[in-house]
Structures are given as C-alpha cells and as structure tokens.
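Tertiary structure, described
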Amino acid sequence: MTLRYLIQKEFLQIRRNSFMPKIIFIFPIVIMCVMPWVMNQEVKNIVVDVVDNDRSVLSQQLVHRIESSPYFIFGGQKATYNAALREIEQGRADIILVIQQDYSRNLAKGHPSQVLIAANAVNGTKGAIGSSYLSQIVMANSASQAEQSLIATLHLYNKSQSYKVFMIPALMGILMMMLCGFLPALNIVGEKEKGTIEQINVTPVSKWAFILAKLIPYWIIGMLVLTVCLVLSWAVYGITCQGPLIWVYLLAILLALFFSSLGLIISNYSDTMQQAMLVMWFFVVCLMLLSGLFTPTRSMPDWAYATTYVNPMHYFIDAIRTVFVRGGGIESIAHQVLALLGLSSAMAAWAVLSYKKNS
C-alpha cells in the first residue's frame, strides 16, 4: 500500500512539472520523425568529373550510367586530368573518372581495359564508398559489352538496403536510455537540492519501496514511449517489427532497468543536478558509441571491442535488430537476454545498496 502512494506521488510530481510532460511527449516524436532522415550513413551526392579520352559510344554509355545513378552528381566532362584535379582541389568535385584511349576497342577484342578512379579521400568514408560505387558501374558497363556473367547478390532481411531499417531499432534504445536513465537521476538529485528527500528519510519507508517508487513510473513511461515509437515506425516509414513484439518489450524492460539503476546510483553519489547530468552524460555517450549503434563493433581495436562484453547497449542493439529486422525469436536472442538480465540485476542491487536512507 505504501508503494502505491509513493508511485502516485511521483506521477503527481511529473504532471505538476510544466516542462516534464512536454519533453516526454515531444522527445520520442522528434527522435523518430527527424533522426532517421539525418542519421544516415549512406553516401550520396558524390560529384564526379569525367575525362573521356576514348570518345566512343561505349565510353559515353558509361558516362550516362553515372549520370543516371542516384548516388552521383555528374560534374561534367573535362578536357584533361589536371583540369579535373583542380576541381577537386577547389572542392567542386569528389571523384575523377579517366577513361583511357582504346577503351571500347579493347573491350570488343575481349582484352582488359583500364580506367582510372581518383577520389578525394580527405573524407575517407566518402572517398572509399564512392570509389566502390563507381567501380561497380564501370564493371557493369564492361560486362554488358563483353557478355560476361555478373555476380548475383541477394540482400537478406533488408532487401531495399534502407538505412532507416537499420537505425530505427537503435533509436528506440537511445530513447529508453535517455528517458529511463536521466529522468530518475535528475528526479532524486532535484529532491536533494530542494530538501524534500529529507522528509522521506525520516519516514519508515523501506529502501526498496522508495527506489521502486522512483523507477516504476519511468518504466511505465518508457513502455508507452516504445509503443509510440513502434506506431510511428509503421505510420511514417512503413517499417514494422518482423518478430514477436513481446521480445522487443522484454529487451526494453531490461534496458530500462539497467539505465534507471545507473541513474539512481549516480544520483546517490551526486549532490547537484549539474554533477549528476555530467556524470550520466559521460557514461551514456561512452556506452552508446561503443555499442555498435553506428558502426560494427568488429571494426574497433581489440581493447575497445573487449568493452562490449559489459556494455548493455551492445546486447540490446544486437538483439532488437535480430527481432525487429530479421524476425528472430527467443532462441536467437537468448544470449543477449541473459547478459542484459545479469547486468541489470547487478546494477539494481548496487542502486539499493548505495542509497543511504539516513544520509
């Protein structure tokens, strides 16, 4: 019965706060409706200059293929390589394609015909991926003339290769991390600054009841926000969960337990709201960047990859993409669920032990 009234108190505090309900409502909408469009690592709008030394029908066919590609912006044909290089030096082009003389004649005879791709690699990702895209177009143009067999590629799970399908499940994790991590931490530190927590400390309320009363409202809010995210994913992008939704909610509950416990631990050791925010932000940024949310974890150095074994965001993102994108079941995410359960339980125990009721 005591827990019930404490939870009611928390909801009343949230409702009476003029700012909190707005941020809880607006934050997930902005994240889901704006971020998938801007957090996009697809490389597009690559400006290509062409130096055509062959001036044949086949070389012009290659130029038209580049013009029609959605990834490139055709910057025009230049007379010489040096003229095209000046365009790159002045920032008006990203890649140069030089078609050698006898390009079409060599292909007609079945001989290899070389082209030069020179890319501005100041932005390494753009230069490497842009060169790869352009190489595929050159190979396709050569193969169509030489009547060679092309390699058939079958894209599993995300056949349209949409980056939004890859990012939307991860954005749900970011929302759970922010709402269920920051809000409980700031709530307790705010009560410390106001002095109202002293009124709780002199009551016979147990530590477990106090901490659960601080966590349960934000767990409920987190589940409501997750539901809103799933609806927005379907309504705005036409992307739906391919697996059972119950596993998505299970993963979200475990992640919420971890970050809400982390928030309570930080608040127990913090005296001011600024201190709690900075410490919480430090952990959130590190866990997020080292989780594989944006880039594969296997591309990290060995010492950085070792941190993923204790990173709950890594397990959550890996598991939710398995369920949401691939349609996996509990047998596919059992390892991640057990890891999240262990990390969350340890954090919850630490949160209870670190709270000093009579401090």
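Look up: the structure comes first, before these words.
Right, let's walk through the structure included here. Quick caveat, the model's predicted, so the values are computed rather than measured.

Looking now at the overall build of the protein. Broken down by element type, the protein carries 14 helices and four strands. The C-alpha atoms of the protein give a radius of gyration of 27 Å, which is well past the 21 Å a tight globule of 359 residues would have. Residues classed as buried in the protein amount to 47% of the 359 residues present. Within the protein, counting contacts between residues at least 6 apart in sequence, those at least 24 apart form 78% of the total. Summing over all exposed atoms, the protein offers an accessible surface of approximately 18,700 Å²; the carbon and sulfur share of this is 62%. In the protein, 25 side chains carry a positive charge and 18 a negative one; their mean positions are 11 Å apart.

With that out of the way, let us pick up the sheet that holds strand β4 (residues 115-119). Read across the sheet, four strands follow the order β2-β1-β3-β4 without closing on themselves; strand pairing throughout is mixed. Because the sheet does not close on itself, it has two edges, and the strands there are β2 (72-77) and β4. The average angle at which neighbouring strand axes cross in this sheet is 20 degrees, direction not considered. One ladder, built from five bridges, connects strand β3 (residues 95-99) with β4; its direction is antiparallel.

The next point concerns helix α13 (residues 312-324). Compared with the 18 Å implied by 1.5 Å per residue over 13 residues, the 18 Å span of α13 between its first and last C-alpha is a close match. Across the 13 residues that make up α13, a large majority, twelve, are buried. Of all the positions in α13, only Pro 312, Met 313, His 314, Tyr 315, Phe 316, Ile 317, Ala 319, Ile 320, Arg 321, Thr 322, Val 323 and Phe 324 are classed as buried. Elements that come into contact with the buried residues of α13 comprise α7 (163-194), α9 (207-237), α10 (245-269), α11 (273-289) and α14 (330-354). If you check the start of α13, you find a side-chain oxygen 3.0 Å away from the backbone N of Met 313, and it comes from Asn 311.

On to the packing of α13 against α14. Viewed as axis vectors pointing N to C, α13 and α14 meet at an angle of 150 degrees, and their least axial separation amounts to 9 Å. When the interaxial angle is binned, α13 and α14 end up roughly antiparallel. The handedness of the crossing between α13 and α14 is left-handed. Between α13, through Pro 312, Tyr 315, Phe 316, Asp 318, Ala 319, Thr 322 and Val 323, and α14, the contact on the second element is made entirely by Ser 332, Ile 333, His 335, Gln 336, Ala 339, Leu 340 and Leu 343. Split into classes, the residues belonging to the contact of α13 with α14 amount to nine nonpolar, four polar and one charged.

Three- or four-residue spacings in an α-helix give side chains the same orientation, since the helix completes a turn every 3.6 residues. Listing the buried residues of helix α4 (residues 81-89) in full gives Ala 83, Ala 84, Glu 87 and Ile 88. The arc enclosing the buried residues of α4, seen along the axis, measures out at 150 degrees, which places them on a common side. Where α4 is buried, its residues contact β1 (46-52), β3 and β4. Downstream of α4 by one or two residues, Gly 91 has phi in the positive range, about 80 degrees.

Our next topic: the pattern of salt bridges. Scanning the entire structure with this criterion turns up three salt bridges. A salt bridge links Arg 92 to Glu 87, with the shortest nitrogen-to-oxygen separation between them at 3.1 Å. Between Asp 94 and Lys 126 there is a salt bridge; the shortest N-O distance is 3.5 Å. Remark: Lys 126 occurs in helix α6 (residues 124-146) and Asp 94 occurs in the loop between α4 and β3; sequence separation between them is 32 residues. Classification of Asp 94 by relative accessible area gives buried; the value is 16%.

Let us look at the packing of aromatic side chains. Enumeration over the complete set of coordinates arrives at seven aromatic pairs. Here the aromatic rings of Phe 182 and Trp 281 are separated by 6.1 Å at their centres, their planes lie at 50 degrees, and the arrangement is tilted. A residue pair is termed long-range when its members are at least 10 positions apart, and Phe 182 in helix α7 and Trp 281 in helix α11 qualify at 99 residues. Since its relative accessible area comes to 45%, Trp 281 is described here as partly exposed. Relative to Tyr 309, the ring of Tyr 305 lies with its centre 5.8 Å away and its plane at 80 degrees, an arrangement referred to as edge-to-face. The exposure class assigned to Tyr 305 is buried, which follows from its relative accessible area of 15%.

With a phi angle near 55 degrees, Asn 45 is a residue other than glycine that sits in the positive phi range. Mapped onto the elements, Asn 45 comes out in the loop between α2 (20-38) and β1. Asn 45 gets classed as exposed once you look at its relative accessible area, which sits at 51%. The backbone of Arg 55 shows a phi angle near 55 degrees, a positive value even though the residue is not glycine. Here Arg 55 is to be found in the loop between β1 and α3 (57-68). Judged by its relative accessible area of 56%, Arg 55 falls in the exposed class.

Cut-offs applied
Residues numbered from 1 in each chain as written. Predicted model: local features only at pLDDT ≥ 70, side-chain atom pairs only at ≥ 80, totals over all residues. Heavy atoms only, no water. Helix = DSSP H or I, 4+ residues; strand = E, 2+ residues; numbered from the N terminus. Rg over C-alpha atoms; globule rule 2.2 N^0.38 Å. Buried < 20%, exposed > 50% of the residue type's maximum accessible area, 1.4 Å probe, protein only. Contact = heavy atoms within 4.5 Å. Areas by Shrake-Rupley, 256 points an atom, 1.4 Å probe, with all protein chains shown as cover. Lys, Arg positive; Asp, Glu negative; His and termini not counted. Charge placed at Lys NZ, Arg CZ, Asp CG, Glu CD. Pairing = 2+ DSSP bridges. Axes fitted to C-alpha atoms, helices over the stretch in contact; angles between N-to-C directions. Expected span 1.5 Å × (residues − 1). Polar contact = N/O pair within 3.5 Å; in protein donor to acceptor, adjacent residues only side chain to side chain. Parallel < 35°, antiparallel > 145°, perpendicular 65-115°, else oblique. Left-handed = near helix turned anticlockwise from the far one by under 90°. Nonpolar A, V, L, I, M, F, W, Y, C, P; charged D, E, K, R; others polar. Arc of directions from axis to C-beta. Salt bridge = Lys/Arg side-chain N within 4 Å of Asp/Glu carboxyl O. Phe/Tyr/Trp six-rings, centres within 6.5 Å; stacked < 30°, edge-to-face > 60°.

Remember, this is a structural readout, not a statement about activity or role.
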